[in-house]
Amino acid sequence: MRRAAIWLLFPALLVASAELDRSLKRIFDTTDFKVKTFGPVRWIENGAAYTAVEGTSLIKYETASGKRTVLVSAAQLTPPKAAAPLALEDYEWSEDSRRLLIFTEGQTVWRLKTRGDYWVLDLGTGKLQKLGGGAAPSTLMFAKFSPDGTRVAYVRENNIYCENLATGAIKRLTTDGSVTTINGTFDWVYEEEFKLRDGFRWSPDGRRIAFWQFDSTGIPNFALINNTDSKYPTLKYFPYPQVGGINSAARIGVVSADGGAARWISIPGDPRNHYIFRLTWTETPGELLIGQLNRLQNSMTLFLADAGSGKAKVMFHDEDKAWIDVRDTRPNLPILKSTWLKGGRELIWISERNGWKQVLGVAREGGSVRELTASGSDAIALEGLDEKGGWMYTIASGGNATQKYLYRTKLGRPESAERLSPREQAGTHAYEISPDCRWAFHTYSTFDQPPVTDLVSLPDHKVVRVLESNEAMRQAVAPIMRSQAEFFQVAIENGIVLDGYVLKPPGFDANKKYPVIVYVYGEPAAASVVDQWGNERGLFHRALANDGYLVVCFDNRGTPAPKGRDWRKSIYKSLGVLPPREQTEAMHAFAKSRTYVDENRIGVWGWSSGGINTLNLLFRSPETYRVGVAIAPLPDLTLYDTIYMERYMGLPEENPEAYQRASAIHFAEGLKGKLLLMHGSGDDNVHYQGTERLINRLIELDKPFEFMEYPNRSHAINEGKGTPLHLHRAIARYFEEHLPAGPR
């Protein structure tokens, strides 16, 4: 009997080809190919002007003319006795544009830099003041001006504070914040799965603040072990609700900006078995809009609540046999700030209730619904609303799910949609539209073309000026861009058609056979076959293609492509089952139609959910996939968090068989090919625990495999000098050793 084997990879063991290694070093160890973005930029004066950070100053541009003015100089941003100006990591203007709120010294909290220092600059007096009083450095979160600009509210150590800018007086608005009582921000799982972090809202009159409060008592703590930063290991604990477990109890409070007891809103249902996913003030004074989901996330209710009495009534209800997706594709529009029509009598909402993602108008009284975009296609996101002019601006695909374009639709006439993005620019378009809907910052890219950001006028989409061309990067990356991507569609069983792309090696010869590396993701969180610039990962695939591989990618059903509700929801209770089945069928159909595919040399790699599907492909279709690299995978779905996994799989106690079928660890005996596992031991998202359990199972089954641990790295495995380069070199070397490159 052969022995189970675990090999740790070290740079000296394997060496990638010289050209591939040089490419990887430039991609992951230099800034040569780094995309430059324009900003941070903010519209002011209703779109007549905008501001942008340039170096250590803040510049004002008149939108139409381009006239440039230094609005805030480096000297104005330099605190007394400081040697250098504040770094403008982010900023916001007061509504009257007389005061500037500056975020600096940002610290990462899980994924985002949401904790730091805040300063306010008064443009009239030139006074620059730091907020927080005697607060420790980098401990303030989500600072926001009051509507009149005289005060700023923020979160510190799970409590909400309000600071008077004229007097410097600080009022603590909540007093019970602790490790388990969270005011004005969110627990781990809400941040990760609902993309919610900023948890309080000023009332339009500036008198009150509405906020989320969480009680995480009873949630088991997960421990991350740090073996590298001190002589003895340290533990980092955080509440993490695993599938079927207890959630935080969430409720909504309203507190006076002058202090006092909170008024709690009365929302029906067990707060530990419902989620509050939305909170905004309406256009009716003293009224809140609150969105609630049940535990299964297939029943959604919008409530209108009186902030004074705490009473709430149902405004609108929606259901789905699978799940209701309430995550915002643009967190600033339309739902977090809630867009209303007809003087507050009609709410704009996005729903899939008619089989497509549509923008709806929901009547405030009675909840009746009218369609604002047509059925038969998906409105991917709402980008702008010009009620005075009678227009709504949305993103849609125009029949090609790999692309995104801007459309405008006449309010009340859903069939009137017209494409504004240029017909000659196939690819992906993103916009930040001015408040008056006359202008937009427009970013355009394709799979083969790096992004360009320009200022365009609307609705004619005329380019006024280019803001960031990325021309230097475009020239630097040219040697790697040796072949264009080919997008295609492939038919699998039951008439299902999947989108895909392939990158071919330079000097490709269709009369020879080439090895294939499949990149897989395959779950509802993201689509992979998209016609847009892919940054470092896209360039990594280019480098592999240049090394002699066909790099192929398919999007199975269940990915969030704009192909209708049935496409997206077909994966319900079939994670780990539907993706590997359709991926394998697509690979077979692709190989059958392309004689240059070497079916004896097919490998696969993926990260996170892609790591899950890499395992499932190796374990369930070993005759097809000979080599795989699974990064940060989740071999056992019961180990993941409540919100994500229960949304797509239901409750484990109601359908344990579905979790059994979906978890790769239960099919590990099918492994016949070569497997490399890679994981960061500090992963707070997809825990290292799952990979360790899979390792034990593979040892038990006497299955040889390779394994690479990245000590104390997160899910992104990007912490520490040289980490991204090391990881991608290891992937490349593994494929070169076990799936030789080049034609035969």
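Keep in mind it's a predicted model, so treat the numbers as computed, not measured.

Draft legend 1. Local environment of the overall build of the protein chain. Each helix and strand in the protein chain was counted, giving eleven helices and 44 strands. At 26 Å, the protein chain has a C-alpha radius of gyration in line with the 27 Å of a compact globule built from 744 residues. In the protein chain, buried positions account for 59% of the 744 residues. Within the protein chain, counting contacts between residues at least 6 apart in sequence, those at least 24 apart form 60% of the total. In the form shown here, the protein chain has an accessible surface area of approximately 30100 Å², with 50% of it arising from carbon and sulfur atoms. Each charge class in the protein chain can be summarised by its mean position, and for the 89 positive and 87 negative side chains these summaries are 1 Å apart.

Draft legend 2. Molecular detail of the side chain of Thr 584. With respect to the element layout, Thr 584 can be found in helix H6 (residues 578-593). Judged by its relative accessible area of 7%, Thr 584 falls in the buried class. Excluding its chain neighbours within four sequence positions, the residues that come into contact with Thr 584 are Leu 617, Ser 621, Thr 624 and Tyr 625.

Draft legend 3. Representation of the packing of aromatic side chains within the structure. Considering all chains together, one arrives at 39 aromatic pairs under this definition. Look at Phe 194 and Tyr 275: their rings are 5.6 Å apart centre to centre, the planes differ by 75°, and that puts the pair in the edge-to-face class. Within this pair, whereas Phe 194 is found in helix H2 (residues 188-194), its partner Tyr 275 is found in strand E21 (residues 274-281), the two being separated by 81 residues in sequence. Phe 194 sits in the buried class, given a relative accessible area of 5%. A residue is classified by how much of its surface remains accessible, and Tyr 275, at 1% relative accessible area, is buried.

Draft legend 4. Highlighting the environment of Asp 555. Mapped onto the elements of the fold, Asp 555 is located in strand E40 (residues 550-555). According to the relative accessible area criterion, Asp 555 is buried, its value standing at 4%. Taking C-alpha positions, Asp 555 is 42 Å from Ala 312, a pair spaced 243 residues apart along the chain. Other than its neighbours up to four places away in sequence, Asp 555 contacts Leu 498, Asp 499, Ala 527, Ser 528, Val 529, Trp 567 and Gln 583. Of note is the side chain of Asp 555, whose polar atom sits 3.0 Å from the backbone nitrogen of Val 529.

Draft legend 5. Seen up close, the pairing of E21. A large share of E21 lies buried, amounting to seven of its eight residues. Relative to strand E22 (residues 287-294), E21 runs antiparallel, the two being bridged by seven bridges. When the sheet's bridge partners are listed, Thr 280 is paired in E22 with Leu 289. Remark: five residues form the turn of the hairpin made by E21 and E22, two consecutive strands paired antiparallel; Gly 286 in that turn has positive phi of roughly 75°.

Draft legend 6. Representation of the sheet that holds strand E27 (residues 358-363) within the structure. Reading across from one edge, E25-E26-E27-E28 is the order of the four strands in this open sheet, with antiparallel pairing throughout. Where the open sheet ends on each side, the last strands, each with one partner, are strand E25 (340-341) and strand E28 (369-371). With three bridges joining them, E27 and E28 adopt antiparallel strand pairing. Its bridge partner being in E28, Gly 361 is matched across the sheet by Arg 370.

Draft legend 7. Just the nonpolar core, in detail. Core analysis: the largest hydrophobic core is formed by 63 residues, its most contacted members being Tyr 190, Leu 288, Ile 290, Met 300 and Met 645. Residues within four places of Met 645 in sequence aside, it is in contact with Val 243, Leu 575, Leu 634, Leu 637, Tyr 640, Gly 650 and Tyr 659. Residues Tyr 519, Val 529, Met 678 and Met 708 belong to the second largest nonpolar core, which totals 44 residues.

Draft legend 8. Representation of helix H1 (residues 18-29) in the model. Relative to the 16 Å expected for twelve residues at 1.5 Å per residue, H1 spans 16 Å between its end C-alpha atoms, a close match to the ideal helical length. If you check which residues of H1 are buried, you get Leu 20, Ser 23, Leu 24, Ile 27 and Phe 28. Viewed along the axis of H1, the buried residues span an arc of 110°, placing them on a single side of the element. If you follow the buried residues of H1, they end up packed against helix H4 (535-546) and helix H11 (723-738).

Draft legend 9. Region of interest: H6. Here H6 contains 16 residues, and its C-alpha end-to-end distance of 23 Å stays within 8% of the 22 Å for a straight helix at 1.5 Å per residue. Inspection of H6 places Leu 578, Pro 579, Pro 580, Glu 582, Gln 583, Thr 584, Glu 585, Ala 586, Met 587, Phe 590 and Ala 591 among the buried residues, and these make up the whole buried set. For H6, the elements touching its buried residues are strand E37 (486-491), strand E38 (497-503), strand E39 (514-519), E40, strand E41 (597-607) and helix H7 (609-620).

Draft legend 10. Main features of the packing of H1 against H11. Interhelical geometry of H1 versus H11 gives an angle of 155° and a closest axis separation of 9 Å. One way to sum up the angle between H1 and H11 is to call them roughly antiparallel. The chirality of how H1 crosses H11 is right-handed. Between H1 and H11, the residues in contact are Leu 20, Asp 21, Leu 24, Lys 25, Phe 28 and Asp 29 and Pro 724, Leu 725, His 728, Arg 729, Ala 732 and Glu 736, respectively. Here the residues of the contact of H1 with H11 are counted per class, giving six nonpolar, one polar and five charged.

Draft legend 11. Here's a closer look at the confidence of the model for the protein chain. With 96% of its residues at a pLDDT of at least 70, the protein chain reaches an overall mean of 95. Low pLDDT (under 50) marks residues 1-14, which in the prediction has 28 contacts with non-local residues, meaning those over four places away or in another chain. Taken as a whole, residues 329-337 scores under 50 in pLDDT and shows 25 contacts with residues more than four places along the chain or in a different chain.

Draft legend 12. Inspection of the environment of Phe 303 at higher detail. As for its placement among the helices and strands, Phe 303 is situated in strand E23 (residues 299-306). For the pair formed by Phe 303 and Arg 647, sequence separation is 344 residues and the distance between their alpha carbons is 22 Å. Leave out the neighbours within four places in its chain, and Phe 303 touches Ile 267, Pro 268, Leu 288, Leu 289, Ile 290, Gln 292, Ala 312, Lys 313, Val 314 and Met 315.

Draft legend 13. Fine view of a nonpolar patch on the surface. A contiguous nonpolar patch, built from Ile 225, Leu 235 and Tyr 237 and spanning about 320 Å² of accessible area, is present on the exposed surface. Checked against the element boundaries, Leu 235 lands in strand E18 (residues 234-239). Residue classification places Leu 235 among the partly exposed positions, given a relative accessible area of 47%.

What counts, and where the lines are drawn
- Each chain carries its own residue numbering, running from 1 in the direction its sequence is written.
- Selection of residues for local features in this predicted model requires a pLDDT of at least 70, selection of side-chain atom pairs for listing and counting requires 80 or more, and totals for whole chains, interfaces and linings are taken over all residues.
- To get the side-chain values, all heavy atoms of the structure are used, and hydrogens and water are removed first.
- Comment: elements are numbered from the N terminus, with helices defined as DSSP H or I runs of at least four residues and strands as E runs of at least two.
- For a compact globule the rule gives 2.2 Å times the number of residues to the power 0.38, and the radius of gyration it is set against comes from C-alpha atoms.
- Burial classes follow relative accessibility: with a 1.4 Å probe on protein chains only, a residue under 20% of its type's maximum area counts as buried, one over 50% as exposed, and anything between as partly exposed.
- Only heavy atoms matter for contacts: two residues are in contact if any of them lie within 4.5 Å across the pair.
- Note on areas: Shrake-Rupley, 1.4 Å probe, and residue coverage restricted to the protein chains presented here.
- In this tally, Asp and Glu contribute negative charge and Lys and Arg positive charge; neither His nor the terminal groups of the chain are included.
- Where a charge sits is defined by one atom per residue type, namely NZ (Lys), CZ (Arg), CG (Asp) or CD (Glu).
- In this analysis, rings of Phe, Tyr and Trp, with Trp reduced to its six-membered ring, are considered paired at centre separations within 6.5 Å, and the interplanar angle assigns stacked below 30 degrees, edge-to-face beyond 60, and tilted for intermediate values.
- Two N or O atoms count as a polar contact when they lie within 3.5 Å, although within protein this holds only if one can serve as hydrogen donor and the other as acceptor, and sequence-adjacent residues are included solely when both atoms are side-chain atoms.
- Two strands pair under a simple rule: DSSP has to find at least two bridges between them.
- Definition used in this section: a nonpolar core is a set of buried Ala, Val, Leu, Ile, Met, Phe, Trp, Tyr and Cys residues joined via side-chain atoms within 4.5 Å.
- For a helix, the expected span equals 1.5 Å multiplied by the number of residues minus one.
- The arc refers to the directions leading from the helix axis to the C-beta atoms.
- Lines are fitted to the C-alpha atoms to define the axes, a helix being fitted only along its stretch in contact, and any angle between axes, read from their N-to-C directions, falls within 0 to 180 degrees.
- Angles below 35 degrees are treated as roughly parallel, those above 145 as roughly antiparallel, those between 65 and 115 as roughly perpendicular, and all remaining angles as oblique.
- The crossing is said to be left-handed when, going from far helix to near helix, the turn is anticlockwise and less than a right angle, and right-handed when the turn is clockwise.
- In this count, Pro and Cys sit with the nonpolar residues alongside Ala, Val, Leu, Ile, Met, Phe, Trp and Tyr, while Asp, Glu, Lys and Arg are called charged and the others, Gly among them, polar.
- Known as pLDDT, the predictor's confidence for each residue is given on a scale from 0 to 100.
- Patch criteria: residues need more than 30% relative accessible area and no salt bridge. Like-charged residues are merged within 9 Å; nonpolar side chains of Val, Leu, Ile, Met, Phe, Trp and Tyr are merged within 5 Å.
- We define a salt bridge as a side-chain nitrogen of Lys or Arg found within 4 Å of a carboxyl oxygen belonging to Asp or Glu.

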